[in-house]
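So you can see what is in the structure, the chains are spelled out below.
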Amino acid sequence: MRHVRLLLLMVLCSVGMVQGQTFRYELFDHDHISPDIYAQRRARVVASLPEGAVAVIQSADVRNRQNDVDYEYRQNSNMLYLTGFPHPGAVLVLCGRGIPVGDSVYTEVLFVPKRDPSSEQWTGVTAGPQEAMDVYGLQMAAVSTELVPTLDRLFADERGQDGSLSNLPRSSQRRLYL
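Calculation rules
- Residues numbered from 1 in each chain as written.
- Predicted model: local features only at pLDDT ≥ 70, side-chain atom pairs only at ≥ 80, totals over all residues.
- Heavy atoms only, no water.
- Helix = DSSP H or I, 4+ residues; strand = E, 2+ residues; numbered from the N terminus.
- Buried < 20%, exposed > 50% of the residue type's maximum accessible area, 1.4 Å probe, protein only.
- Contact = heavy atoms within 4.5 Å.
- Areas by Shrake-Rupley, 256 points an atom, 1.4 Å probe, with all protein chains shown as cover.
- Arc of directions from axis to C-beta.
- Core = buried A, V, L, I, M, F, W, Y, C linked by side-chain atoms within 4.5 Å.
- Pairing = 2+ DSSP bridges.
- Phe/Tyr/Trp six-rings, centres within 6.5 Å; stacked < 30°, edge-to-face > 60°.
- Lys NZ or Arg CZ within 6 Å of the ring centre and 35° of its normal.

Asker: Looking at this model, I keep getting lost on the overall build of the protein. Mind explaining?
Answerer: The number of helices and strands found in the protein is seven helices and seven strands. Looking at the protein as a whole, 30% of its 178 residues qualify as buried. For the protein, the proportion of contacts with a sequence separation of at least 24, taken over those separated by at least 6, is 60%. Looking at the protein as shown, the accessible area adds up to about 12,000 Å², and 55% of this sits on carbon and sulfur atoms.

Asker: Just checking my understanding: could you explain helix 5 (residues 129-136) for this structure?
Answerer: Every α-helical turn comprises 3.6 residues, leaving residues that sit three or four positions apart pointing alike. For helix 5, every residue scored as buried is listed here: Pro-129, Glu-131, Ala-132 and Tyr-136. Within helix 5, the buried residues cover an arc of 160° as seen down the axis, which keeps them to one side. Of the residues flanking the end of helix 5, it is Gly-137, one or two places downstream, whose phi is positive at about 70°.

Asker: Got a minute to help me understand the nonpolar core in this structure?
Answerer: Considering soluble globular proteins, one finds that nonpolar side chains tend to be buried as a cluster. Ile-57, Phe-85, Leu-92, Leu-94 and Leu-110 are the most contacted members of the largest nonpolar core, which totals 19 residues. Of all elements in the fold, only strand 1 (54-58), helix 3 (77-83), strand 4 (91-101), strand 5 (104-112) and helix 5 reach the threshold of two or more residues within this core. Here Leu-110 is in contact with Met-79, Phe-85, Ala-90, Val-91, Leu-92, Ala-132, Leu-138, Met-140, Ala-141 and Ala-142, once residues within four sequence places are set aside. Core analysis: the second largest hydrophobic core is formed by 15 residues, Val-56, Val-101, Phe-111 and Phe-155 among them.

Asker: How should the pairing of strand 1 be read in this particular structure?
Answerer: Taken residue by residue, a regular strand's side chains alternate between the two faces of the sheet. In terms of burial, strand 1 is largely enclosed, as four of its five residues are buried. Relative to strand 4, strand 1 runs antiparallel, the two sharing five bridges. Among the inter-strand pairings, Val-54 is bridged to a residue of strand 4, identified as Cys-95.

Asker: So what exactly am I meant to see when it comes to unusual backbone geometry here?
Answerer: Trans peptide bonds make up most of the peptide bonds, and negative phi angles are found at most residues other than glycine. Despite not being glycine, Asn-67 has its phi angle at roughly 50°, a positive value. With respect to the element layout, Asn-67 can be found in the loop between strand 2 (64-66) and strand 3 (69-70).

Asker: Can you walk me through helix 6 (residues 147-154) in this structure?
Answerer: Here helix 6 has its buried residues at Leu-147, Thr-150, Leu-151 and Leu-154. Along the axis of helix 6, the buried residues cluster in a sector spanning 95°; they form a single face. At its buried positions, helix 6 is contacted by strand 1, strand 4, strand 5 and strand 6 (140-143).

Asker: What is the right way to read the environment of Met-140 from this model?
Answerer: Among the secondary structure elements, Met-140 is positioned in strand 6. With relative accessibility at 16%, the residue Met-140 sits in the buried group. Taking C-alpha positions, Met-140 is 7.0 Å from Tyr-106, a pair spaced 34 residues apart along the chain. Not counting residues within four places of it along the chain, the set of residues in contact with Met-140 comprises Val-101, Tyr-106, Glu-108, Val-109, Leu-110 and Met-133.

Asker: For this particular structure, what's the right way to read the packing of aromatic side chains?
Answerer: Given two aromatic rings, one states the distance between the centres and the angle between the planes to describe the pair. Across all of its chains, the model carries one aromatic pair by this definition. Ring geometry for Phe-85 versus Tyr-136: centroids 5.4 Å apart, planes at 75°, classification edge-to-face. Placement of the pair is Phe-85 in the loop between helix 3 and strand 4 and Tyr-136 in helix 5, with a sequence separation of 51 residues. The positively charged end of Arg-41 is found above the aromatic ring belonging to Tyr-81, 4.0 Å away from the centroid.

As structure tokens, this is what we get:
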């Protein structure tokens, strides 16, 4: 009887620890700035960029305090001002002439890390591409792994024979704002 209870307890504990369970992304504070305000800010930045310029804004890094303890995360002020996106690992790309993603072209794209259910179990739920578009009102959001191929397509017409951007005249190199 004792073995049956122990076996039953082990089964119940293992059922409760579902690996890779995906949780819904929720906002608990509803008094934040409206996504429309962020969209207006991004539109003003795109309108102020010189012809053919690209603005790339990266989120702040997670700072480690001690071994497995991180400091409380604080987003890069520019990223927060333009998107309201509070999570690390994101990159915002703005371009007036358009950014090719798939078959469409957008003036703003936010690249975010892919959601990882096994790490969200410990670090909390983060926004993936779909949540970034739905909650933060971005035109397009994609997984971070698409950043380099997207920038390659964006600069394909400006590359030299060797495929690098270093062959561009100095005035053209300044069009990439970081």
